[in-house]
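# A closer look at the structure
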Amino acid sequence: MFQLNGQQLTLQQIVDVAEGREQVVLADEARARVEQARQVVQNIVDEGRTVYGVNTGFGKLSDVSIDRADLSQLQLNLVRSHSCGLGEPLSEAEARVMLLLRANVLATGFSGARPLVIETLIAMLEKGVTPVIPEKGSVGASGDLAPLAHLALAAIGEGEVFYKSERMAASEAFERAGIEPLQLEVKEGLALLNGTQAMGAVGTLALARAEKLVRLADVAGAMTLEALKGTPVAFDERIHAARPHPGQVAVRQHDLDHQPPQRRVDGSLKRQPAFDGSGIGDGAERRDAKATVRLWLKRPGLMRGGATPAYVRFLSGRCRGRRPRRARSRRRRPPSGRGRAGRAW
């Protein structure tokens, strides 16, 4: 279990929560910030000041003032009106990440929502009550309004959720899980809707799957190297250090961890760190084109100390031995029609 306080979450933490291996709780310092921000909203209402999203309409109705008695209904109407997504629902893992990311954003204390809003989202994570969120409806950088509206709709006990491998009404799932549906107050509907946690959830899990595939590619490459009795000299540390690609260096070390035997040189195997390495790292080497052009070496020659890797000597023609030639397949010629061969045909 780890505490949410608006911090940057690691990819592993997000994956663990998505797959139900980790639980979260609201940190005490975050609770204090959230309560302080909520008091600011309450002061606005008490003083009768006009603030967008608190006591006004939205969009083109921003110049319309809302009576104090209708402020809670305004937030409820906002959530219901935006719950209009289409398409197949996001996976339960993606919806769980949306709950996590939205709770973490609210924990920063800049949205003016009560701690109870965050605690409700955390309770849904803990009890396995996952909102049914259609995959279509985001407006990109302007916000995942429809997806987050479906998340908020579930939090108030409306809409649909997944619970214990069943799709059911949120009200029923909340009752079975022992969660009290959220009663929205001033600004809390807007606090739940205004964000990009849908694309964040889909993107982080896609990244996690991609990193897993990269690691599996390393393992497959190392197994292939071992099965073909490949040589590790192509993985000499000095060769890969000569290029400004941290991902390539990481793949080289990962391959050597599997201790391949020392036999044969193969073009595809020795280039594996360069190929697979482009898929990992911080990406800086791909952004800095000048550094790549300036420092990239096709085939490093002599290393410091005068040592030349065996495969470099081979490529440069200085290898004593010759690479075995592939056995050429001999095509059987048709018989000429004379002698024994002709009679056999």
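These numbers were taken from a predicted model, which means no experiment stands behind them.

### Quick word on the overall build of the chain
- From N to C terminus, the chain includes 17 helices and 7 strands.
- Among the 345 residues that make up the chain, the fraction classed as buried is 42%.
- Across the chain, contacts joining residues at least 24 apart in sequence account for 71% of those joining residues at least 6 apart.
- Surface accessibility of the chain: about 20100 Å² in total, with carbon and sulfur atoms responsible for 51%.

### Overview of the packing of helix H5 (residues 115-127) against helix H6 (residues 145-155)
- Two elements in contact, H5 and H6, have axes whose closest approach is 10 Å; the angle formed by their N-to-C orientations is 85 degrees. Relative to H6, H5 is oriented roughly perpendicular. Residues Thr-120, Leu-121 and Met-124 of H5 touch H6, and the partners they reach there are Leu-151, Ala-154 and Ala-155.

### As for H5
- Taking 1.5 Å per residue as the helical rise, H5 with its 13 residues ought to reach 18 Å, and the 18 Å between its terminal C-alpha atoms agrees with that figure.
- What H5 keeps buried is the set Pro-115, Val-117, Ile-118, Thr-120, Leu-121, Ile-122, Ala-123, Met-124 and Leu-125.

### Quick notes on the packing of aromatic side chains
- Counted according to the given criterion, the structure contains 1 aromatic pair.
- Arranged with centres 6.0 Å apart and planes meeting at 85 degrees, the rings of Tyr-52 and Phe-58 form a pair that is edge-to-face.
- A residue is classified by how much of its surface remains accessible, and Tyr-52, at 45% relative accessible area, is partly exposed.

### As for the nonpolar core
- Leu-100, Leu-121, Met-124, Val-129 and Leu-192 are the most contacted members of the largest nonpolar core, which totals 63 residues.
- Core analysis: the second largest hydrophobic core is formed by 6 residues, Val-41, Ile-44, Val-45 and Val-54 among them.

### Focus: the pattern of salt bridges
- Taken as a whole, this structure holds 12 salt bridges when the rule is applied.
- Ionic pairing is found between Glu-185 and Arg-38, a salt bridge with its closest N-O pair at 3.7 Å. Residue Glu-185 is located in the loop between helix H7 (170-177) and helix H8 (188-193), and its partner Arg-38 is located in helix H2 (residues 28-47); the two are separated by 147 residues in the primary sequence.
- Arg-38 sits in the buried class, given a relative accessible area of 8%.
- The shortest N-O distance in the salt bridge between Glu-160 and Arg-167 comes to 2.9 Å.
- Here the salt bridges do not stand alone but share partners, grouping Arg-38, Arg-114, Glu-185 and Glu-188 into one network.

### Digging into the sheet that holds strand S4 (residues 130-131)
- The antiparallel open sheet is built from 3 strands, whose spatial order is S4-S6-S7. Lying at the two open borders of the sheet, with one neighbouring strand each, are S4 and strand S7 (166-169).
- Where strand S6 (residues 160-163) lies against S7, 4 bridges are found, and the strand directions are antiparallel. Paired with Phe-162 across the two strands is Arg-167, which belongs to S7.
- The sheet strands contacting H7 are S6 and S7, and the helix crosses S7 at an angle near 105 degrees.

About the thresholds
- Per chain, residue numbering runs from 1 following the sequence as it is written.
- Predicted model: local features are reported for residues with pLDDT of at least 70 only, side-chain atom pairs are reported and counted for 80 or more only, and whole-chain, interface and lining totals are derived from all residues.
- For the side-chain quantities, the full set of heavy atoms in the structure was used; hydrogens and water were omitted.
- By definition, any uninterrupted DSSP run of H or I lasting at least four residues is a helix, any uninterrupted run of E lasting at least two residues is a strand, and each is numbered from the N terminus.
- Each residue is assigned to one of three classes by its accessible area relative to the maximum for its type, calculated with a 1.4 Å probe on protein chains only: buried under 20%, partly exposed between the two thresholds, exposed over 50%.
- Contacts: residue pairs with any heavy atoms within 4.5 Å of one another.
- Note that accessible areas follow from Shrake-Rupley with a 1.4 Å probe, and for residues the cover is restricted to the protein chains shown.
- Every angle, taken between N-to-C directions, lies between 0 and 180 degrees, and every axis is a line fitted to C-alpha atoms, over only the stretch in contact when it is a helix.
- Roughly parallel refers to an angle under 35 degrees, roughly antiparallel to one over 145, roughly perpendicular to one between 65 and 115, and oblique to any angle outside these ranges.
- In a helix, the anticipated span is given by 1.5 Å times the number of residues less one.
- Classification of ring pairs rests on two measures: the distance between centres of Phe, Tyr or Trp rings, Trp counted by its six-membered ring, which must be within 6.5 Å, and the angle between planes, read as stacked under 30 degrees, edge-to-face over 60 and tilted in between.
- As used here, the term nonpolar core means buried Ala, Val, Leu, Ile, Met, Phe, Trp, Tyr and Cys residues forming a set that is joined through side-chain atoms within 4.5 Å.
- By convention in these notes, a salt bridge is any Lys or Arg side-chain nitrogen within 4 Å of a carboxyl oxygen on Asp or Glu.
- For two strands to pair, DSSP has to find at least two bridges joining them.

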